[in-house]
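Chain and residue survey
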Amino acid sequence: MMSIKITTEPVIETAYSVSTNSYPIDTIRKDFPILSTELRGRKLVYLDNAATTQKPRQVIEALTAYYEKENANIHRGVHYLSEQATLKYEQARHKVKEFIKAGVNCEIIFTKGATESINLVAQSYGRAFIRPGDEILISTLEHHSNIVPWQMLCQEKGAVLRVIPMLDSGDLDMEAFDRLLTAKTKIVAVTQLSNVTGTLVPVREMCRKARDLGAVTLVDGAQSTPHLPIDVQEMGADFFVFSAHKLYGPTGVGVLYGRAELLEAMPPWLGGGNMIRSVSFEKTTYADLPDKFEAGTPDIGGVIGLGAAIDYLQDIGLERISQYEEMLTDYACARLELVEGLQIQGSPRARRGVISFTLDCVHPHDIGQLLDQDGIAIRAGHHCAQPLMQRLGVPATARLSLGLYNTAEEIDYVALRLQHSRKLFLS
Ligand code: C6P
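This is a predicted model, so every value here is computed, not measured.

Side note on the packing of helix H2 (residues 57–70) against helix H10 (residues 300–316)
When two helices pack together, you describe them by how their axes are tilted relative to each other and by the distance separating the axes. Contact geometry of H2 with H10 gives a least axis separation of 8 Å together with a crossing angle of 145°. For the pair H2 and H10, the crossing hand works out as right-handed. Facing Gln58, Val59, Ala62, Leu63, Tyr66 and Tyr67 of H2, the residues of H10 in contact are Ile300, Gly301, Gly302, Ile304, Gly305, Ala308, Ala309 and Tyr312. Here the residues of the contact of H2 with H10 are counted per class, giving ten nonpolar, four polar and no charged.

What follows is the structure in structure tokens.
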């Protein structure tokens with residue numbers, strides 16, 4: 001077993017080490033052209049993966065091949081190129097279905113991203129089935145994308161938004177969840193992995209309890225999908241959403257998984273081409289799933305790129321990625337905690353990939369800028385989770401988020417530069 005120890009000064013041991021045994025880190029890093037570029041004269045250390053991940057050569061090549069050799073609109077043409085593009089697009093749908101272990105291909109709807117997927121459910125399912133006085137249950141950990149669409153729906157329908165509180169540890173208060181989940185609850189919408197604290201939320205248990213009371217569940221998988229093997233049926237989620245760009249795929253593409261029975265009962269949201277069976281000025285009838293929810297020309301190249309990203313991840317193995325990232329997350333927490341004055345936000349029972357922190361005398365934006373001078377990319381700010389910032393009692397945090405190509409050496413480098421930044425501010 002090969003363990004990476006801190007090799008640069010000062011030598012401080014943590015209880016954790018990162019084994020790269022059987023994990024092809026060097027090959028993986030070579031797959032990402034951007035990782036060998038320099039930033040401000042320094043080798044890029046990219047630790048902003050929760051915002052978006054970098055793209056492997058395999059995804060970039062799939063996009064190029066599509067635009068160079070196969071570009072055409074789908075589902076419409078009778079010519080060769082259109083048939084090829086349609087085939088590739090539908091193959092990508094099948095790959096997504098396999099990737100998240102959905103039941104059938106038509107349960108996979110392509111959208112612009114996780115945000116649009118949540119809005120689709122709020123606007124279509126919500127408008128059709130939510131009544132005044134019904135309750136929608138979300139949590140303190142949510143990203144704005146899983147707050148605002150429900151607020152808009154509540155406002156329109158006279159429904160009530162309830163929020164599961166967070167404990168100081170960064171875990172959800174599950175006793176409060178049990179109290180808040182009642183016969184009035186019609187939708188439970190929660191993230192599987194917080195983009196601020198990295199908390200892994202027990203969504204399986206929550207979906208089961210919600211279903212027992214007749215509530216529909218939506219799990220926001222925007223942050224979890226890159227880090228964990230996903231099985232939506234085992235999870236018991238009625239809806240599951242994620243974005244391709246956080247999964248090493250292109251921007252502009254997302255997925256909504258919905259149980260076929262629910263999607264069939266839901267009215268279309270956007271109207272236009274592709275989503276109809278027949279149109280007259282008197283009456284329009286709608287296409288079957290999944291087309292009913294895919295109005296207009298989609299991002300065909302992007303969807304094909306997502307298919308390539310899934311192939312890439314499957315080749316490495318999500319289980320393997322997940323194990324490596326778990327080690328790296330533990331290592332990063334242990335290493336950062338050794339930086340004087342640094343406080344990690346939350347210490348949840350299970351955390352993956354995302355670590356937010358503050359440094360006693362340095363504003364998070366200054367941390368971001370100082371690290372940027374060293375070629376290190378992290379995010380600083382409220383991370384589109386303002387209610388969570390209020391709960392944490394901070395206006396902003398610095399956030400380091402890991403991807404499958406990050407290494408313990410990169411974490412060591414960041415920790416040393418943070419120590420240095422602090423000294424600079426104190427002097
Ligand atoms: N979080 C971050 O830096 P879109 O923008 O639709 O691809 O994803 C929205 C979204 C939904 N849920 C969670 C938990 C998220 O983290 C995000 C996106 C990015 O944290 C950009 S704000």
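Right, picking up where we left off after that structure.
Comments concerning the site of the ligand
Not every one of the 17 residues close to the ligand is listed here, only the nearest: Thr115, Asp220, Gln223, Ser243 and Arg379. Contact between the ligand and Arg379: an oxygen atom at 2.5 Å from a side-chain N or O atom of the residue. Within the side chain of Arg399, one N or O atom sits 2.8 Å away from an oxygen atom of the ligand. Along the lines of polarity and charge, the residues of the shell around the ligand split into five nonpolar, eight polar and four charged. Domain assignment of the residues forming the shell around the ligand places at least three in each of domain 1 (25–47 + 317–426) and domain 2 (59–314).

Quick look at the domain arrangement of the protein chain
Taken domain by domain, the protein chain comprises domain 1 (25–47 + 317–426) and domain 2 (59–314). Here the C-alpha centroids of domain 1 and domain 2 sit 28 Å apart. In this complex, domain 1 contributes 37 residues to the contact, which on the side of domain 2 involves 31 residues. Around 2,700 Å² of area is buried between domain 1 and domain 2 when both sides are counted, 59% of it from carbon and sulfur atoms. Linking domain 1 to domain 2 there are one salt bridge. A salt bridge links Arg391 to Asp168; its shortest N-O distance comes to 2.8 Å.

With respect to the nonpolar core
For soluble globular proteins, the rule of thumb is that nonpolar side chains tend to be buried together. One finds Ile100, Leu404 and Leu418 to be the most contacted residues of the largest nonpolar core, which totals 100 residues. Taken domain by domain, the makeup of this core includes at least three residues from each of domain 1 (25–47 + 317–426) and domain 2 (59–314). In this view, Ile100 contacts Ile108, Ile230, Asp231, Val232, Phe240, Phe242 and Tyr257; residues no more than four positions away in its chain are not counted. Val241, Leu263, Met266 and Phe293 belong to the second largest nonpolar core, which has 28 residues in total.

A word on the sheet that holds strand S19 (residues 397–401)
The antiparallel open sheet is built from four strands, whose spatial order is S15-S16-S19-S18. What marks the edges here is a single partner per strand, and that holds for strand S15 (342–344) and strand S18 (379–381). Across the sheet, the axes of successive neighbouring strands diverge by a mean angle of 30°, strand direction being ignored. Strand direction decides the pairing type here: S18 and S19, joined by three bridges, are antiparallel. Looking across to S19, one finds that Gly381 is bridged to Thr397. Relative to strand S16 (residues 354–359), helix H14 (residues 408–426) is tilted by about 15°, and along the sheet it contacts S15, S16 and S19.

Here we look at the pattern of salt bridges
Evaluated as defined, the whole model comprises 25 salt bridges. For Asp48, the salt bridge identified is with Arg399, shortest N-O distance 3.4 Å. With a gap of 351 residues between them, Asp48 in the loop between strand S5 (45–46) and H2 and Arg399 in strand S19 connect regions that are remote in the sequence. Across the pair, Arg399 and Asp48 agree in class, each one buried. We note a salt bridge from Arg352 to Glu326, for which the minimum N-O separation is 3.5 Å. Of the two residues, Arg352 sits in the loop between S15 and S16 while Glu326 sits in helix H11 (residues 318–337), which places them 26 residues apart along the sequence. On the accessibility criterion, Arg352 (7% relative accessible area) is buried. Each of Arg211, Asp238, Arg259 and Glu261 takes part in one network of salt bridges that share partners.

Some words on unusual backbone geometry
Note the cis peptide between Leu289 and Pro290, where omega equals 0°. By the secondary structure assignment, Pro290 is in the loop between strand S14 (284–286) and H10. A positive phi angle, close to 50°, is found at Arg40, a residue other than glycine. Residue placement: Arg40 occurs in the loop between strand S3 (38–39) and strand S4 (42–43). One non-glycine residue, Asn274, lies in positive phi territory at about 75°. Checked against the element boundaries, Asn274 lands in the loop between helix H9 (260–265) and strand S13 (276–279). Exposure remark for Asn274: the relative accessible area of 16% places this residue in the buried category.

Focus on the side chain of Thr199
Among the structural elements, Thr199 can be located in the loop between strand S9 (185–191) and helix H7 (203–212). Judged by its relative accessible area of 1%, Thr199 falls in the buried class. Polar side-chain contacts of Thr199 include one of 2.8 Å to the backbone oxygen of Gly170. Side-chain polar atoms of Thr199 contact the side chain of Thr197, separated by 2.6 Å. In this structure, Thr199 is in contact with Leu141, Gly170, Asp171, Gln192, Leu193, Ser194, Pro348 and Ala350, ignoring residues within four places of it in sequence.

Some details on the environment of Glu410
With respect to the helices and strands, Glu410 occurs in helix H14. Sequence separation between Glu410 and Tyr46 is 364 residues, and the spatial gap between their C-alpha atoms is 8.8 Å. Apart from residues no more than four positions distant in its own chain, Glu410 is found in contact with Arg29, Leu44, Val45, Tyr46 and Tyr405.

Looking at helix H12 (residues 364–373)
Residues Pro364, Ile367, Gly368 and Leu371 constitute the buried set of H12. Down the axis of H12, the buried set is contained in an arc of 100°. They therefore lie on one face. Those residues of H12 that are buried are in contact with S16, strand S17 (376–377), S18, S19 and H14. Immediately beyond the C-terminal end of H12, within one or two residues, lies Gly375, with a positive phi of roughly 80°.

Cut-offs applied
Residues numbered from 1 in each chain as written. Predicted model: local features only at pLDDT ≥ 70, side-chain atom pairs only at ≥ 80, totals over all residues. Heavy atoms only, no water. Axes fitted to C-alpha atoms, helices over the stretch in contact; angles between N-to-C directions. Helix = DSSP H or I, 4+ residues; strand = E, 2+ residues; numbered from the N terminus. Left-handed = near helix turned anticlockwise from the far one by under 90°. Contact = heavy atoms within 4.5 Å. Nonpolar A, V, L, I, M, F, W, Y, C, P; charged D, E, K, R; others polar. Near = heavy atom within 4 Å. Polar contact = N/O pair within 3.5 Å; in protein donor to acceptor, adjacent residues only side chain to side chain. Domains from an automatic or database assignment. Buried area = accessible area lost by both parts, 1.4 Å probe. Salt bridge = Lys/Arg side-chain N within 4 Å of Asp/Glu carboxyl O. Core = buried A, V, L, I, M, F, W, Y, C linked by side-chain atoms within 4.5 Å. Buried < 20%, exposed > 50% of the residue type's maximum accessible area, 1.4 Å probe, protein only. Pairing = 2+ DSSP bridges. Arc of directions from axis to C-beta.

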